[in-house]
Structures are given as structure tokens and as C-alpha cells.
Amino acid sequence: MNARTPSSYLASPALQYAAIPPGTRVPYVACGSGEPLFFVHGSLCDYRYWNGQINALSSDFFCVAMSLGHYWPAAGADVQGEFNWRTHVDELAEFIVAMDCGPVHLVGHSRGGCVAFQLARAYPALVKSLTLADPGGPLQIDGAPQAALPAAVTALRAQVADLVDSGAVETGLELFVDSVSMPGIWRKSPDSFRTMAIDNAATLPKQFRDPLPAYTRAAARDVQCRTLLIAGAKSPRMYRNNADQLAEWIAHAEKEVLAGASHGMSVTHPAAFNRLLRAFCAA
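Each value, and the rule that gives it
Residues numbered from 1 in each chain as written. Predicted model: local features only at pLDDT ≥ 70, side-chain atom pairs only at ≥ 80, totals over all residues. Heavy atoms only, no water. Helix = DSSP H or I, 4+ residues; strand = E, 2+ residues; numbered from the N terminus. Phe/Tyr/Trp six-rings, centres within 6.5 Å; stacked < 30°, edge-to-face > 60°. Buried < 20%, exposed > 50% of the residue type's maximum accessible area, 1.4 Å probe, protein only. Lys NZ or Arg CZ within 6 Å of the ring centre and 35° of its normal. Expected span 1.5 Å × (residues − 1). Arc of directions from axis to C-beta. Contact = heavy atoms within 4.5 Å. 1 Å grid on protein atoms, 1.4 Å probe; cavity = no way out; pocket = protein on both sides within 12 Å on 5 of 7 lines; lining within 4 Å. Points joined across faces, edges and corners; volume = space filled by probe spheres on them. Nonpolar A, V, L, I, M, F, W, Y, C, P; charged D, E, K, R; others polar. Pairing = 2+ DSSP bridges. Right-handed = clockwise from strand over helix to strand, strands pointing away.

**Comments concerning unusual backbone geometry**
Argument step 1. Cis geometry marks the peptide bond from Pro21 to Pro22, where omega comes out at -5°.
Argument step 2. Here Pro22 lies in the loop between strand S1 (16–20) and strand S2 (24–31).
Argument step 3. Of the consecutive residues Trp72 and Pro73, the connecting peptide bond is found in the cis state with omega at 0°.
Argument step 4. Inspection of the secondary structure puts Pro73 in the loop between strand S4 (61–66) and helix H2 (85–99).
Argument step 5. The phi torsion at His70 lies on the positive side, around 85°, for a residue other than glycine.
Argument step 6. By the secondary structure assignment, His70 is in the loop between S4 and H2.

Laid out in C-alpha cells, this is it:
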């Protein structure tokens, strides 16, 4: 999820498509050379979200950003299957295999962080390193009640889904974007970001019907690659808690906090985010 994004960071390289089984065409952009660095977007976003990284890091890495199934430009791709995180994990794995350049440095943001985390567990041979920026999803602490999103968050999401489904798209998007970043962010965002969010608005109700799995100590033990957790200093508490706990649970993990940044850190603070990513992946 984005915040105040300079328009220049949404200028895309040329769109391409990769064929994966069973006949799906995955939209993506790629540029640069070197070790493969793959990016996984979060809610309301698509491959365009990562242009600030694709453009800046392509001097050192072969940078690739794809759109998960049902996200823009879904009308131009052959979308198959239901919208759910398991499908997205398998789709991402098939995409990495189709690109024939693994194992990759894998970067996921928000909901995409959960997808990347689950891929690193299920397909460890495909992942050289893992970076999770404000990873989304509930957190299950040992001995605590079953993890779930707070009731207030669930109620807000139901309201957002109703607004989007009824045609009040921008009102619903403003409510959602401000809730996962900070109040007023939607109105401060440039037209380029709002256009991307509107393009992907139909995925929100689908996403709310597909709750993400909880992060657990046992699941984190399955991640054996080097892992970087990045948290925005001003991000909502649930994202910071996820980063803190996963940094403790994952065996080969380290954590960084971006000062002054909220949930859209990779685009509001691209230079700082890119410095962290470049140093980690090059180590």
C-alpha cells in the first residue's frame, strides 16, 4: 500500500507476459542485469508499485516485478482460478521457474510479504534471500488466543467492501488506504497512485474474503534463507509487531526500521529503502 508517491516512480518499463501452467499469462516488467531480484506487491497494487526499485536497482540486479492474478492488468492476461493467497504463492513459484533464473532475492510488501513468506516456506529452493517490508497478516503468539484481525479492522474492511461493491470506489479506497498507512494519505497521493488503486479496487472485496494465515513460530522456522525485515517507523502497530516477531523467530533474520516512513515506505522513502535492499542482497 502506497502513501505519497512521486509520479516519476510509477513510470514503468515495457510490459511483458510470461506463460505458466495451466495456460496463465503473467504480466511483468523486467530490466537490468545481475542476480535476480523479484518484487511482490500488496493490496490495491500491481507491478507498477515497484518502479522506484526497478529503475534504481537495475544497475546492480536483474529486477522483475509481476502482477499477481486478478490484479491489473488482469483484463489483458488469462486469469484463472480463485483469488486467494495459496493460488498466489503457487503462481509466483511457477513464474520464478518460468523465468529460469532462480533462486532469487525475493521482496514482498504488506499482503505480498505474506505471499513471499509462504513461498519461502513451500519452495525454499527458489529463494536465495527474503525481504519482508511491513508483512501483512495476523500474528499468533505461543499460548495466546487464536490470532485474528482486530474487530475494528474487520468492521472497517466490511464497510470498505460495501462501498466498493456499491460503486463508491474512491470513498472506500480512501477509508482503506488511510487505515493501513495514516489519516490523509489518500488525498495526498498523486493521481498516478490513485489510478493504480482504482484499477485494482475490485480485488479488495475478494481479498477480505480470503484471510491471510497467521505468522507462527513454527512456520517461521521453515524459513531457512537470509531474511531482512523492514518496518516503517510510523506504520500501524500490527505491521511493526509482525516485523519484530518474525525477526526474532526466523533463524537468519535481521531487522531495519525506516525513520519517518509509514506503510508505503518503498515509495515514500525510496532512496533509504533501496540502500537497505541493495546492501542486504549484495552481502
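**Some remarks on the packing of aromatic side chains**
Argument step 1. Per the stated rule, a full pass over the model turns up nine aromatic pairs.
Argument step 2. For the ring pair Tyr71 and Phe83, a centre distance of 5.6 Å and an interplane angle of 50° mean the geometry is tilted. Taken together, the residues span a long stretch of sequence, with Tyr71 in the loop between S4 and H2 and Phe83 in the loop between S4 and H2 at a distance of twelve residues. Accessibility assignment for this pair places Tyr71 and Phe83 in one class, buried.
Argument step 3. Note on Trp186 and Phe193: the rings are 6.2 Å apart at their centroids and 70° apart in plane angle, and the pair reads as edge-to-face.
Argument step 4. For Arg226, the ring lying beneath its charged end belongs to Phe280, and the centroid distance is 4.1 Å.

**Section: helix H4 (residues 151–165)**
Argument step 1. Taking 1.5 Å per residue as the helical rise, H4 with its 15 residues ought to reach 21 Å, and the 21 Å between its terminal C-alpha atoms agrees with that figure.
Argument step 2. Looking at H4, one finds that the buried residues are Arg157, Val160, Ala161, Leu163 and Val164. For H4, the buried positions fall inside an angular range of 160° around the axis, keeping them on one side. Of the exposed residues in H4, those oriented more than 90 degrees away from the buried face are Ala151, Ala152, Asp162 and Asp165.
Argument step 3. Looking at the buried positions of H4, the neighbouring elements they touch are helix H5 (169–180) and helix H8 (203–208).

**Focus: the layout of surface pockets**
Argument step 1. Of the pockets and cavities examined, the largest pocket occupies roughly 360 Å³.
Argument step 2. Listing elements by their share of the lining of the largest pocket, those giving two or more residues are H4, H5, H8 and helix H10 (237–249).
Argument step 3. Taken together, the residues that form the lining of the largest pocket break down as eleven nonpolar, seven polar and three charged.

**What to know about the pairing of S4**
Argument step 1. Counting buried positions along S4 yields five of six residues, so the element is predominantly enclosed.
Argument step 2. With four bridges connecting them, S2 and S4 associate as antiparallel partners. Within S4, the residue paired with Val29 across the bridge is Ala65.
Argument step 3. One ladder, built from six bridges, connects strand S3 (residues 35–40) with S4; its direction is parallel. When the sheet's bridge partners are listed, Phe38 is paired in S4 with Val64.
Argument step 4. Handedness of the β-α-β unit built from S3, helix H1 (residues 51–57) and S4 comes out right-handed.

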